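What follows is each chain in one-letter form.
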Amino acid sequence: MISQLESLYQNFLEELKTQKTQAEILNLKADYIGKSGKISEVLKNLKNLSVEEKKEVGPKANKIKDDIANDIANKLQAVEIEEINQKLADNKIDIGLRESVKTTGSRHGGFHPRTLIRQEIEDIFLSMGFDVLDGPHIEDEFHNFEALNIPGDHPARDMQDTFWFKDESSPEGKKHLLRTHTSTIQVRGMLSRKPPFRFIAPGTVFRCERTDASHEMVFQQLEGMMVGENISVGNLIYFMKTTLKEIFKKDVEVRLRPGFFPFVEPGFELDIKCQVCGGKGCSVCKHTGWVELLPCGMIHPNVLRAGGIDPDKYNGFAFGLGLDRLVMMKYGIDDIRHLQSGDLRFNEQFKTY
Ligand code: DAH
């Protein structure tokens, strides 16, 4: 009987190899160890054996039954895993839409050139040890003006045509505004850290002004600030030049001239040779051949003081890069209004895949 059971087990193993689905495997199980299965049939004759024989055959028969049950369980598991893998392969979800674009020809998105340049500049500054900060679009007078050395009656307020919110709680009706520059984040950055520090802060700014080829009401700037001991104009020029070289991947002609901003002293305007016309003169550079790109300077002591920093111990530089102008220079775009026209024919030229 033992050899009968063993050869049944061998047959079972052979048959198991050829079974592919869960149903087939479960049928095979019933065939062998089900109530009227082949093994169970043989074991019905157990009662005819002597006590001695039973002692020998019994455990052996149980072992074969257990082995079959184990083999079945293992095979079921293997088949299940295979089925899951197959399902995953069949139902592959393409979240990037790239595969389906190839097959259906449908449109896919890409980064806006502003985003591409912003990411590139963030990487450059991160590699030079700068943090990247953010700040609110709706600001108060303190962050947008006062802390930046522009008191209420200062004529410099007129330089920045401001969108004010009607504020019933204030006697003049003016308190909150849409930030006119990212310099607001200088103040927030200074108040939330201790020197030495360096950070940049890209963002959208708002000006109530007429639009033309080089002016928009809503545009992007990137503020930068470095505060420490013994920082010089030389440091400022080094960081500005390095950044421009990294962005343009070539030496671009720049010029530095004095510029007035209440929050810096001395203040500079860093201009770049117009990359749209090559310096010949066009609507973007207002026919001067140069574009104001990077106003900057050494931080005014009053600004440091408003940010809780002792100007006798620390100093630093700040800059306010015109991100949209930079995008225009880098890609030779001749009208700033293209940037937020929402025209996909424009945006699609910058797709990176
Ligand atoms: N906030 C100035 C503006 O929007 C730009 C600027 C000039 C920022 C000089 C600076 C700076 O940090 O040092 O007109």
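Sequence positions are assigned chain by chain, starting from 1 and proceeding in written order. Given that this is a predicted model, residues contribute local features only at a pLDDT of at least 70 and side-chain atom pairs are listed and counted only at 80 or more, while totals for whole chains, interfaces and linings are drawn from all residues. As a rule here, side-chain values come from all non-hydrogen atoms in the structure, and water together with hydrogens is ignored.

A short note on the overall build of the protein
- Broken down by element type, the protein carries 12 helices and 10 strands.
- Its C-alpha atoms give the protein a radius of gyration of 38 Å, clearly above 20 Å, the size a compact globule of 353 residues would have.
- In terms of overall dimensions, the protein has C-alpha extents of about 115 × 50 × 45 Å along its principal axes.
- The buried share of the protein, taken over its 353 residues, is 44%.
- Between two residues, a contact is recorded if the distance between any of their heavy atoms is within 4.5 Å. When contacts within the protein are restricted to residue pairs at least 6 apart in sequence, those whose partners lie at least 24 apart make up 67%.
- Per-residue and other accessible areas follow the Shrake-Rupley method at a 1.4 Å probe size, with only the shown protein chains counted as cover for residues. Put simply, the protein shows about 19400 Å² of open surface, and 51% of that area lies on carbon and sulfur atoms.
- Positive charges come from Lys and Arg, negative ones from Asp and Glu, while His and the chain ends are left out of the count. Working definition for charges: the position is that of NZ of Lys, CZ of Arg, CG of Asp or CD of Glu. Here the protein contributes 47 positively and 52 negatively charged side chains, and the mean placements of these two sets differ by 3 Å. Runs of H or I in DSSP of at least four residues are treated as helices and runs of E of at least two as strands, each being numbered from the N terminus. It is over C-alpha atoms that the radius of gyration is taken, and the globule rule equals 2.2 Å times the number of residues to the power 0.38. Buried, partly exposed and exposed residues are distinguished by accessible area as a fraction of the type maximum, computed with a 1.4 Å probe on protein chains only: under 20%, between the cut-offs, and over 50%, respectively.

Topic: empty space enclosed by the protein
- Buried and open spaces are told apart on a 1 Å grid over the protein atoms alone, a cavity being a set of points where a 1.4 Å probe fits but cannot get out and a pocket being an open set with protein on both sides within 12 Å along at least five of seven lines. Residues with an atom within 4 Å of a point are the lining residues. Grid points are joined across faces, edges and corners, and a volume is the space filled by probe spheres set on the points. One pass over the structure, following the stated rule, counts 3 cavities of 30 Å³ or more.
- Looking at the largest cavity, its volume works out to about 40 Å³.
- Lining the largest cavity are Phe-125, Met-240, Thr-243, Leu-244, Leu-294, Phe-319 and Leu-321.
- Looking at the lining of the largest cavity, the elements that each hand over two or more residues are helix 9 (233–248) and strand 10 (315–322).
- Of all the elements, helix 9 adds the most residues to the lining of the largest cavity, at 3 residues.
- Only Asp, Glu, Lys and Arg are considered charged, only Ala, Val, Leu, Ile, Met, Phe, Trp, Tyr, Cys and Pro nonpolar, and every remaining residue, Gly among them, polar. Looking at side-chain class alone, the lining of the largest cavity contains 6 nonpolar, 1 polar and no charged residues.

Some thoughts on the site of the ligand
- Distances are taken per atom, and a residue is near a molecule or strand as soon as one of its heavy atoms is within 4 Å of it. By nearness alone, 16 residues border the ligand, and His-181, Ser-183, Arg-207, Gln-221 and Glu-223 come closest of all.
- A 3.5 Å cut-off defines polar contacts: any pair of N or O atoms within that distance qualifies, except that in protein one atom must be a possible hydrogen donor and the other a possible acceptor, and neighbouring residues in sequence count only when both atoms are side-chain atoms. One of the side-chain nitrogen or oxygen atoms of Ser-183 is found 2.9 Å away from a nitrogen atom of the ligand.
- Between the ligand and Gln-221 there is a distance of 2.8 Å, counted from an oxygen atom to a side-chain nitrogen or oxygen.
- Considered on its own, the ligand offers 350 Å² of accessible surface; in the complex 94% of this is hidden by protein.

Description of the domain arrangement of the protein
- Start and end positions for the domains come from either an automated domain assignment or a database one. In terms of domains, the protein is made up of domain 1 (2–90) and domain 2 (113–350).
- Computed over C-alpha atoms, the centres of domain 1 and domain 2 are 78 Å apart.

Comments concerning the packing of aromatic side chains
- Side-chain rings of Phe, Tyr and Trp (the six-membered ring for Trp) are treated as a pair once their centres are within 6.5 Å; stacked means planes under 30 degrees apart, edge-to-face means over 60, and tilted covers the remaining angles. In this structure the tally under the stated criterion is 13 aromatic pairs.
- An angle of 15° between the planes, with centres 5.8 Å apart, marks the rings of Phe-197 and Phe-199 as stacked. Judged on exposure class, the residue Phe-197 and its partner Phe-199 are both buried.

A look at the nonpolar core
- Within the largest apolar cluster, 44 residues are counted, with the highest numbers of intra-cluster contacts made by Ile-121, Phe-317, Phe-319, Leu-321 and Leu-326.
- Mapped onto this core, the elements with two or more residues apiece are helix 6 (113–127), strand 6 (218–228), helix 9, strand 8 (264–273), strand 9 (290–299), strand 10 and helix 11 (323–331).
- Take this core: its biggest share by element is 6 residues, from helix 9.
- When sequence neighbours within four positions are dropped, the list of residues in contact with Leu-321 reads Ile-121, Gln-220, Gln-221, Leu-222, Leu-293, Leu-294 and Leu-326.
- The nonpolar core is taken to be a set of buried Ala, Val, Leu, Ile, Met, Phe, Trp, Tyr and Cys residues, with the residues joined through side-chain atoms within 4.5 Å. Ranked by size, the runner-up nonpolar core spans 24 residues in total, among them Phe-145, Val-227, Val-303 and Tyr-314.

Here we look at the sheet that holds strand 10
- A pair of strands is treated as paired once DSSP finds two or more bridges between them. Ordered by their spatial adjacency, 7 strands build an open sheet running 1-5-6-10-9-8-7, and the pairing between neighbours is mixed. Every other strand in the sheet has two partners, leaving strand 1 (131–132) and strand 7 (254–258) as the edge strands with one partner each.
- Pairing analysis gives 8 bridges linking strand 6 to strand 10, with the strands arranged antiparallel. When the bridges of strand 10 are listed, Met-226 appears paired with Phe-317.

Topic: the packing of helix 6 against helix 11
- Inter-axis angles, ranging from 0 to 180 degrees, are taken between N-to-C directions of lines fitted to C-alpha atoms, where helices are fitted over the stretch in contact. Contact geometry of helix 6 with helix 11 gives a least axis separation of 10 Å together with a crossing angle of 100°. Taken together, the axis directions place helix 6 and helix 11 in an arrangement best described as roughly perpendicular. Contacts between helix 6 and helix 11 involve Pro-113, Arg-114, Leu-116, Ile-117, Arg-118, Glu-120 and Ile-121 from the first element and Leu-323, Asp-324, Leu-326, Val-327, Lys-330 and Tyr-331 from the second.
- For the contact of helix 6 with helix 11, a count of residues per class yields 8 nonpolar, no polar and 5 charged. Roughly parallel means an angle under 35 degrees; roughly antiparallel means over 145; roughly perpendicular covers 65 to 115; every other angle is labelled oblique.

Looking at the pattern of salt bridges
- Criterion for a salt bridge: a side-chain nitrogen of Lys or Arg within 4 Å of a carboxyl oxygen of Asp or Glu. Applying the stated criterion to the full structure yields 18 salt bridges.
- Taken together, the shared-partner salt bridges connect Arg-255, Arg-257, Asp-271 and Glu-292 into one network.

Thoughts on the packing of helix 9 against helix 11
- Between helix 9 and helix 11, the shortest axis-to-axis distance is 11 Å and the interhelical angle comes to 45°. One element, helix 9, and the other, helix 11, form an angle in the oblique class. Where helix 9 abuts helix 11, its residues Leu-244, Ile-247 and Phe-248 lie against Leu-326, Met-329 and Lys-330.
- Class assignment of the residues belonging to the contact of helix 9 with helix 11 gives a composition of 5 nonpolar, no polar and 1 charged.

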